[in-house]
Amino acid sequence: GELLRVSGLTASVDEKEILHGIDLSVAQGETHVLMGPNGAGKSTLGHVVMGDPTYNVTAGSIVFNGQDVTTLSPDKRSHAGMFLSFQAPVEIPGVPLSSFLRAAAAGREGLNLKGKQFRKHTQELCEELDFDPAYLDRELGVGFSGGEKKKLEMLQLLLLKPKLAILDETDSGLDVDALSVVSRGIDAYRHTCDGTLIIITHNTRILERVDVDRVHVMVKGRMVHEGPASLIEKIDTEGFEQFEQAAQAAQ
Ligand code: ADP
Ligand code: MG
Ligand code: MG
């Protein structure tokens with residue numbers, strides 16, 4: 001069934017409207033890709049769906065898992081099973097990653113594991129992702145490389161097992177190692193958690209090893225096109241110009 005339905009979503013910052021009536025529907029277990037040129041509003045859509053108070057929703061609705069979440073706090077959305085990746089985790093010297101993960105898991109169903117069990121569980125997740133478990137003892141965010149930030153993101157994903165994960169990959173210049181971390185994480189999330197994904201990216205290399213169900217294209221705060229996975233290759237060779245022209249003509 002349908003897991004997420006965004007209808008006529010309009011959102012602004014200060015007096016400036018950024019999203020102009022977005023419609024988006026994602027079924028349980030599917031992987032969707034959101035593409036579009038820089039400044040199209042992709043990250044904003046991710047943040048608004050997650051309830052970021054920076055943005056004002058002025059029209060439309062967000063229904064998740066049968067519940068209207070349009071006015072819920074980000075924390076309540078997170079507990080309802082929604083997840084948005086972050087691009088730069090905070091740096092907290094002296095706090096190991098394992099403590100951060102424990103805090104993230106606190107109060108969640110099925111994750112109230114005692115100290116040793118929790119340690120064992122996170123170590124197993126590291127193994128699943130082919131990470132050195134020594135990573136769990138690193139200080140949170142301090143000197144993290146792009147690839148290490150991705151590892152943390154994927155660990156959170158597999159630990160929290162959200163019903164819906166929105167991964168915003170736009171601003172990250174990922175090396176080969178980080179790309180493999182992301183592919184591996186996405187794969188594990190899909191297959192062991194029956195996860196549902198919205199991947200925001202213009203790095204199509206991330207998508208090479210991912211089965212994509214649907215591709216959505218945004219231009220200037222509007223959804224301008226939707227199609228099958230084959231659209232990715234078309235955009236790779238032809239770029240966004242065709243959609244930008246269509247958006248211009250429609251205005
Ligand atoms: P994308 O992720 O597609 O590159 P963004 O969602 O980051 O696009 O940005 C869409 C537009 O909204 C841009 O013009 C950006 O400057 C503007 N915008 C996004 N967030 C804010 C904000 N917090 N304050 C002001 N303008 C913003
Ligand atoms: Mg951008
Ligand atoms: Mg962005």
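Residues numbered from 1 in each chain as written. Chains lettered and ligands numbered in written order. Predicted model: local features only at pLDDT ≥ 70, side-chain atom pairs only at ≥ 80, totals over all residues. Heavy atoms only, no water.

Undergrad: Before we move on, could you go through the packing of helix H4 (residues 115-128) against helix H5 (residues 146-160) and cite the residues and values that matter?
TA: Between H4 and H5, whose axes approach to 10 Å, the crossing angle comes to 120°. Comparing their axes, H5 and H4 come out oblique. As H4 runs across H5, the sense of the crossing is right-handed. Where H4 abuts H5, its residues Phe118, His121, Thr122, Leu125, Cys126 and Glu128 lie against Leu155, Leu158 and Leu159. Class assignment for the residues of the contact of H4 with H5 results in six nonpolar, two polar and one charged. (Axes fitted to C-alpha atoms, helices over the stretch in contact; angles between N-to-C directions. Helix = DSSP H or I, 4+ residues; strand = E, 2+ residues; numbered from the N terminus. Parallel < 35°, antiparallel > 145°, perpendicular 65-115°, else oblique. Left-handed = near helix turned anticlockwise from the far one by under 90°. Contact = heavy atoms within 4.5 Å. Nonpolar A, V, L, I, M, F, W, Y, C, P; charged D, E, K, R; others polar.)

Undergrad: Pulling in residues and values, what's your account of the packing of aromatic side chains?
TA: Scanning all chains against the criterion turns up two aromatic pairs. On the basis of an interplanar angle of 70° and a centroid distance of 6.1 Å, the ring pair of Phe131 and Tyr135 is categorised as edge-to-face. One exposure class covers both Phe131 and Tyr135, and it is buried. Grouping aromatic residues by their ring pairs yields a cluster made of Phe131, Tyr135 and Phe144. Looking at Lys151, its charged tip hangs above the ring of Tyr135, at a distance of 5.7 Å from the centre. (Phe/Tyr/Trp six-rings, centres within 6.5 Å; stacked < 30°, edge-to-face > 60°. Buried < 20%, exposed > 50% of the residue type's maximum accessible area, 1.4 Å probe, protein only. Lys NZ or Arg CZ within 6 Å of the ring centre and 35° of its normal.)

Undergrad: Quick one: what's the story with the site of ligand 1, residue by residue and with numbers?
TA: By nearness alone, 13 residues border ligand 1, and Gly39, Lys42, Ser43, Thr44 and Tyr55 come closest of all. A distance of 2.7 Å is found between an oxygen atom of ligand 1 and a side-chain nitrogen or oxygen belonging to Lys42. Ser43 places a side-chain nitrogen or oxygen 2.9 Å from an oxygen atom of ligand 1. Protein burial of ligand 1: of its 550 Å² of free accessible surface, 65% is covered by the chains. (Near = heavy atom within 4 Å. Polar contact = N/O pair within 3.5 Å; in protein donor to acceptor, adjacent residues only side chain to side chain. Areas by Shrake-Rupley, 256 points an atom, 1.4 Å probe, with all protein chains shown as cover.)

Undergrad: Break down the domain arrangement of the protein for me, with residues and values.
TA: The domain boundaries assigned to the protein delineate domain 1 (2-86 + 162-250) and domain 2 (90-143). Between the C-alpha centres of domain 1 and domain 2 the distance comes to 27 Å. Contacts between the two partners involve seven residues from domain 1 and, on the opposite side, seven residues from domain 2. Here domain 1 and domain 2 share an interface that buries about 570 Å² over both sides, 54% of which is from carbon and sulfur atoms. Summed over the shared surface of domain 1 and domain 2, the result is one salt bridge. In this structure, Asp130 engages Arg184 in a salt bridge whose closest nitrogen and oxygen atoms are separated by 3.8 Å. In this assembly, domain 1 and domain 2 are joined by zero residue pairs in polar contact (both at pLDDT 80 or more). Going through the elements one at a time, helix H2 (74-80) and helix H6 (176-193) are the ones with two or more residues in the side of domain 1 that touches domain 2. (Domains from an automatic or database assignment. Buried area = accessible area lost by both parts, 1.4 Å probe. Salt bridge = Lys/Arg side-chain N within 4 Å of Asp/Glu carboxyl O.)

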